[in-house]
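A look at the structure
Each chain, written out:
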Amino acid sequence: MTKFTIMKKIKFISLFILLFSAVTFTSCDNEVIDGAIDLGTIDDDLDPTDPFFRADFSGGTWTAQNTTVQLSANSFQLVATRGTAGEGFGFSLSGGTVGSYAANSNAVAFTPANSVFGYAGVNPANTTENTGSVTITSINTVNQTVSGVFSYKGYWSDVSVINILPIIFTNGVFNNLPYTTAPVPSNDSFSTKINGTDFIDTNIAVSTISNVIRIKAFNASSQDVTIGIRDNVTPGTYTITGNIGVDVVQASYKPNGTSLQAYTGSVTILSKTTTRIRGTFTFTANDGPTVYQFTVGQFDVDY
């Protein structure tokens, strides 16, 4: 079967966000970093039908100069940037329909200029905290534009630093942004068995989000399997322990709207170039008494 990569070649802002559902480190206590954040001012002459992306934080309004959006039935990817120093927002949502998506269970982040870290919508000390949301309010399929709102509490993603307070992002709006839907044909492949039954994927979404290669495969029921790999890994076998702050690789399964983190398993990188990665995996996740065993997993994708 020919596979399609929904997020092909979109390189998200270089923020090392934590992609899965748990991590442990000391919560922030001290003052917020602000030296690298350059806030713009709102354009009062904006026509309400014009495309724009903006948000309020740290006493000002930030407005994007460039946006890229890709949309499918089960994936929404948005990058909004300003300048040439990597400053901007990145959203990766597990859904592409009108509705609200929790910031702490999707990839939602702002990266300051000249930084590989930034403010992600997950509290590393309490990953179940409701930090906010991104809401897709309308999709114009005739003009191929999408609109929505967002607000969230962003926590600094560098786990080695404990003196940076979170930032509150409010009044976020993306209005009439043009999007693309046509998948890019590829020779990407993904396969695995769940408790001995084949997982039949219909889409493969590949992204590099903050130094992590994220390979997400969806089936016809919008369930998904995700493999996360640090982008500096070399061929070899890496163990999954469930400690996201330490593990070089990670995996998760979303059977019914809740992402279940792998707590044991491994990922073997068989080959890796600057644009393509191939490997195998096995892992176990559970939802209370229900245990999901993933075996004979394989992937071969561009990233």
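Higher on the page you've got the structure.
About the thresholds
All chains use their own residue numbering, which begins from 1 and follows the written sequence. In keeping with the model being predicted, local features are shown solely for residues with a pLDDT of at least 70 and side-chain atom pairs are shown and tallied solely at 80 or more, while totals for entire chains, interfaces and linings include all residues. Working from all heavy atoms in the structure, the side-chain values ignore hydrogens and water. Two aromatic rings, drawn from Phe, Tyr or Trp (for Trp, its six-membered ring), form a pair once their centres lie within 6.5 Å of each other, and the interplanar angle then sorts them: stacked below 30 degrees, edge-to-face above 60, tilted otherwise. Here a helix means four or more residues in a row that DSSP labels H or I, a strand means two or more in a row labelled E, and each is numbered from the N terminus. Between buried and exposed lies partly exposed: a residue is buried under 20% and exposed over 50% of the maximum accessible area for its type, with that area taken using a 1.4 Å probe on protein chains only. Two N or O atoms form a polar contact when they lie within 3.5 Å of each other; inside protein one atom must be a possible hydrogen donor and the other a possible acceptor, and for residues adjacent in sequence the pair counts only when both atoms belong to side chains. DSSP bridges decide pairing: two strands pair if at least two such bridges lie between them. Contacts were defined at the residue level, with two residues in contact if any of their heavy atoms lie within 4.5 Å. The term salt bridge refers to a side-chain nitrogen of Lys or Arg lying within 4 Å of a carboxyl oxygen of Asp or Glu.

Further remarks concern the packing of aromatic side chains. The relation between two aromatic rings is expressed through the spacing of the ring centres and the mutual angle of the planes. Applying the stated criterion to the full structure yields 25 aromatic pairs. Arranged with centres 4.7 Å apart and planes meeting at 15 degrees, the rings of Tyr-152 and Phe-169 form a pair that is stacked. A residue pair is termed long-range when its members are at least 10 positions apart, and Tyr-152 in strand β11 (residues 145-156) and Phe-169 in strand β12 (residues 167-178) qualify at 17 residues. Just as Tyr-152 is buried, Phe-169 falls in that class too.

Within the secondary structure, Thr-84 is located in the loop between β5 (75-82) and β6 (87-93). On the basis of relative accessibility, which here comes to 85%, the residue Thr-84 falls in the exposed class. Along the sequence, Thr-84 and Ala-113 sit 29 residues apart, while their C-alpha atoms lie 8.3 Å from each other.

What follows covers the side chain of Gln-77. Here Gln-77 is to be found in strand β5. A polar atom in the side chain of Gln-77 sits 2.8 Å from the side chain of Ser-92.

Okay, the sheet that holds strand β15 (residues 197-198) next. The sheet built from 6 strands is open, its strands ordered β15-β14-β24-β23-β22-β19 with antiparallel pairing. Of all the strands in the sheet, just β15 and β19 (236-240) have a single pairing partner and so form its edges. Of the strand pairs in this sheet, strand β23 (residues 276-287) and strand β24 (residues 290-302) are connected by 11 bridges, and their pairing is antiparallel. Pairing of Ala-285 across the sheet is with Tyr-292, part of β24.

Before going further, it helps to examine the pairing of β11. Of all 12 residues that make up β11, 9 are buried, and the element is covered over most of its length. Bridge count between strand β9 (residues 119-120) and β11: 2 bridges; the pairing is antiparallel. Considered in β11, the bridge of Tyr-119 is made with Trp-156. Hairpin connection from strand β10 (residues 132-140) to β11: 4 residues lie between these consecutive antiparallel strands, with Gln-144 at a positive phi of about 55 degrees. Bridging between β11 and β12 involves 8 bridges; their strand directions are antiparallel. Residue Gly-148 lies in a different strand from β12, and its bridge partner there is Phe-174.

Secondary-structure assignment places Lys-216 in strand β17 (residues 212-219). Taking relative accessible area as the criterion, Lys-216 reaches 7% and is therefore assigned buried. Within the structure, Lys-216 has its side chain in polar contact with the side chain of Thr-226 (distance 3.0 Å). Sequence-distant contacts of Lys-216, defined by excluding residues within four places in its chain, comprise Ser-94, Asn-203, Ile-204, Ala-205, Asp-224, Val-225 and Thr-226.

Now for unusual backbone geometry. The backbone of Ser-58 sits at a positive phi, close to 50 degrees, despite the residue not being glycine. Locating Ser-58 in the fold gives a position in the loop between β2 (52-57) and β3 (60-63). Residue Gln-144 is not a glycine yet carries a positive backbone phi of 55 degrees. Take Gln-144: it is sitting in the loop between β10 and β11. Gln-144 sits in the partly exposed class, given a relative accessible area of 30%.

The final tally for this structure, using the stated rule, is 6 salt bridges. Here Asp-188 and Arg-276 are joined by a salt bridge, their closest N and O atoms 3.2 Å apart. In this pair, Asp-188 is assigned in the loop between β13 (184-186) and β14 (189-194) and Arg-276 in strand β23, connecting sequence segments 88 residues apart. Judged by relative accessible area, which is 2%, Asp-188 ranks as buried. Lys-216 serves as the salt-bridge partner of Asp-224, at 3.4 Å between the closest nitrogen and oxygen. For Asp-224, a relative accessible area of 2% translates into the label buried.

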